[in-house]
Amino acid sequence: MSLAVQIRQHGGPEELHIVDVPVGEPGPGEIRIRHHAIGLNFIDVYHRTGLYPLNMPATIGMEGAGVIEAVGEGVTHLKVGDRAAYASNPPGAYCEVRVMPAKCVCKLPDAISFETGAAMMLKGLTAQYLLKKTRPVEGLQPGDHVLFHAAAGGVGLIACQWAKALGLQLIGTAGSDAKCQLALANGAAHAINYQQEDFAARVKEITGGKGVKVVYDSVGKDTWDKSLECLRPFGLMASFGNASGPVAPFAPGSLGAKGSLYVTRQTLFTHIATREATQAMADDLFAVVASGQVKIHIDQRYPLAEVQQAHRDLEARKTTGCTILTL
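These figures come from a predicted structure and were not determined experimentally.

S.K.: I'd love a proper account of the layout of surface pockets, names of residues and values included.
M.R.: A volume near 1100 Å³ is recorded for the largest pocket. What lines the largest pocket is a set of 49 residues, among which Phe42, Tyr46, Ala150, Ser218 and Ala243 lie closest to the centre. Broken down by secondary-structure element, the contributors of at least two residues to the lining of the largest pocket are α1 (42-49), α2 (114-133), α3 (154-165), β10 (169-174), α6 (224-229), α8 (268-271) and β16 (322-326). Class assignment of the residues belonging to the lining of the largest pocket gives a composition of 21 nonpolar, 20 polar and eight charged. Computed from the structure, the second largest pocket encloses a volume of approximately 200 Å³. Together, 13 residues line the second largest pocket, and Val21, Thr59, Gly92, Val97 and Arg98 are the ones closest to its centre. Breaking the lining of the second largest pocket down by element, the ones donating at least two residues are β1 (2-7) and β7 (97-101). Among the elements that make up the lining of the second largest pocket, the one with the highest residue count is β7 (three residues).

S.K.: Report on the state of the cysteines, specifying residues and quantitative values.
M.R.: Per the stated rule, a full pass over the model turns up zero disulfides. No disulfide involves Cys180; its sulfur sits 10 Å from that of Cys160, the nearest cysteine. A relative accessible area of 6% places Cys180 in the buried class. Unpaired in this structure, Cys322 has its nearest cysteine sulfur neighbour in Cys160, at a distance of 12 Å.

S.K.: Requested: an account of the nonpolar core, with residues and values cited.
M.R.: Counting 55 residues, the largest nonpolar core has Met121, Leu125, Tyr216 and Leu268 as its most contacted members. Ranked by residue count, the leading element in this core is α2, at eleven residues. In contact with Tyr216, not counting residues within four places along its chain, are Leu130, Leu131, Thr134, Leu140, Val146, Leu147, Phe148, His149, Ala238 and Phe240. Ile38, Ile60, Ala84 and Met100 belong to the second-largest nonpolar core, a separate cluster that totals 27 residues.

S.K.: Residues and numbers for the packing of α2 against α3, please.
M.R.: The interhelical angle for the contact between α2 and α3, taken along N-to-C directions, is 45°, at an axis separation of 9 Å. Classified by the interaxial angle, the pair formed by α2 and α3 is oblique. Note that α2 runs across α3; the crossing there is right-handed. The residues of α3 that touch α2, namely those facing Lys123, Gly124, Thr126, Ala127, Gln128, Leu130, Leu131 and Lys132, are Gly154, Val155, Ile158, Ala159, Trp162 and Ala163. Considered class by class, the residues forming the contact of α2 with α3 number eight nonpolar, four polar and two charged.

S.K.: Describe the confidence of the model for the chain, listing the residues and the values that go with them.
M.R.: With 100% of its residues at a pLDDT of 70 or more, the chain has an overall mean of 95. Confidence scores differ between elements of the chain, with α1 showing the lowest mean pLDDT of 92 and strand β9 (residues 145-148) the highest of 98.

S.K.: Requested: an account of the environment of Gly209, with residues and values cited.
M.R.: Take Gly209: it is sitting in the loop between α5 (199-206) and β12 (212-217). Considered as a pair, Gly209 and Val307 are 98 residues apart in the sequence and their alpha carbons are 45 Å apart.

S.K.: Go over α5 with me, naming the residues and quoting the values.
M.R.: One turn of an α-helix holds 3.6 residues; hence residues three or four places apart share an orientation. Those residues of α5 that fall on the buried side of the exposure criterion are Phe199, Ala200, Val203 and Ile206. The buried residues of α5 occupy one face: seen down the axis, they fall within an arc of 125°. Along its buried surface, α5 packs onto β9, β10, β11 (190-193), β12 and α6. Taken from the residues just after α5, Gly208 is the one with a positive phi, measuring 65°.

S.K.: Hey, could you go over the sheet that holds strand β13 (residues 231-239) for me, with residue numbers and the actual values?
M.R.: Strands sit in the order β11-β10-β9-β12-β13-β14 across an open sheet of six strands; the sheet is parallel. One side of each edge strand has no neighbouring strand; the edge strands of this open sheet are β11 and β14 (262-265). Ignoring strand direction, the axes of neighbouring strands in this sheet form an average angle of 15°. Here β12 pairs with β13 via five bridges, running parallel. Counterpart to Val212 in the pairing with β13 is Leu231. Sheet strands in contact with helix α4 (residues 177-185) are β10 and β11, and its direction is about 165° off that of β11.

S.K.: So what about the pattern of salt bridges? Which residues, and what values?
M.R.: For side chains of opposite charge, pairing can occur when their charged atoms come near one another. Tallied over the full model, the rule gives 14 salt bridges. With a closest N to O distance of 2.6 Å, Arg34 and Glu69 form a salt bridge. Taken together, the residues span a long stretch of sequence, with Arg34 in strand β3 (residues 30-40) and Glu69 in strand β5 (residues 63-71) at a distance of 35 residues. Taking relative accessible area as the criterion, Arg34 reaches 40% and is therefore assigned partly exposed. On the accessibility criterion, Glu69 (27% relative accessible area) is partly exposed. Linked by salt bridges that have partners in common, Glu25, Arg32, Arg34 and Glu69 make up one network.

Thresholds applied
- Residues numbered from 1 in each chain as written.
- Predicted model: local features only at pLDDT ≥ 70, side-chain atom pairs only at ≥ 80, totals over all residues.
- Heavy atoms only, no water.
- 1 Å grid on protein atoms, 1.4 Å probe; cavity = no way out; pocket = protein on both sides within 12 Å on 5 of 7 lines; lining within 4 Å.
- Points joined across faces, edges and corners; volume = space filled by probe spheres on them.
- Helix = DSSP H or I, 4+ residues; strand = E, 2+ residues; numbered from the N terminus.
- Nonpolar A, V, L, I, M, F, W, Y, C, P; charged D, E, K, R; others polar.
- Disulfide = S-S within 2.5 Å.
- Buried < 20%, exposed > 50% of the residue type's maximum accessible area, 1.4 Å probe, protein only.
- Core = buried A, V, L, I, M, F, W, Y, C linked by side-chain atoms within 4.5 Å.
- Contact = heavy atoms within 4.5 Å.
- Axes fitted to C-alpha atoms, helices over the stretch in contact; angles between N-to-C directions.
- Parallel < 35°, antiparallel > 145°, perpendicular 65-115°, else oblique.
- Left-handed = near helix turned anticlockwise from the far one by under 90°.
- pLDDT = per-residue confidence, 0-100.
- Arc of directions from axis to C-beta.
- Pairing = 2+ DSSP bridges.
- Salt bridge = Lys/Arg side-chain N within 4 Å of Asp/Glu carboxyl O.

Shown next as structure tokens:
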């Protein structure tokens with residue numbers, strides 16, 4: 001048996017219940033992992049509320065790190081006793097022990113702790129595909145400006161550091177002066193408090209009226225329209241989340257009027273659809289973390305039993321950096 005966080009219906013944090021669940025043996029292509037730490041992400045809120053519906057009852061959570069307890073037939077890249085970490089479908093990380101597909105589970109280098117592994121996989125792999133794969137048609141070169149919303153969050157702080165390592169001028173937005181200072185301390189070239197400034201006007205000022213080549217946006221509804229104003233001709237609007245709610249329908253013709261813009265809606269799970277792609281992305285992430293160019297900031301820790309409060313704080317924008325659930 002394993003303790004797990006289960007929801008029986010979509011709703012608020014009060015729907016998160018600690019229960020005992022049975023854990024079996026891994027089948028072909030599966031492993032059983034005993035968690036040492038679990039990552040908290042905004043996608044967990046989407047699963048809880050039903051924005052991304054799940055069949056009930058459901059265990060949520062997409063990210064964790066621990067030790068492999070058993071390996072199913074056909075799994076060759078992991079063995080019993082290996083330290084491992086993952087960001088993976090299906091949801092179910094909020095638990096002590098689980099059986100899950102092995103293809104997105106990666107051996108965790110000895111130099112990286114379980115807590116860091118649990119905190120960085122989903123957010124770090126997201127930053128990797130955004131900066132390395134989700135690029136404007138004209139490409140990105142050192143010195144180019146990019147706009148990154150929620151720059152003091154888990155993905156944002158990793159992206160600030162990684163963008164600096166790539167030579168990019170990252171303009172970050174955040175909702176307080178303290179969060180702006182955090183983004184700057186982690187490599188952002190500029191930070192804008194969107195509560196006090198018109199971020200579109202400030203971006204134009206920073207870029208000498210040209211705009212940025214790409215906007216990376218996990219906020220959604222509240223930032224969408226002004227983000228389009230920040231783009232230079234042929235720029236890319238890269239949406240990868242809906243923290244403020246989903247973007248309303250818009251007329252494609254408006255993209256032409258604003259400078260023949262491109263729009264994409266990205267999700268990590270397309271990028272890690274194969275074992276090979278997952279490992280290549282993870283190797284890139286492990287290397288940049290091991291080098292010290294990217295440091296993983298775990299700013300909040302909650303015992304698994306306090307998962308309701310963790311969700312409340314995440315939704316209230318009280319968190320910065322990465323958050324983990326401890327066991």
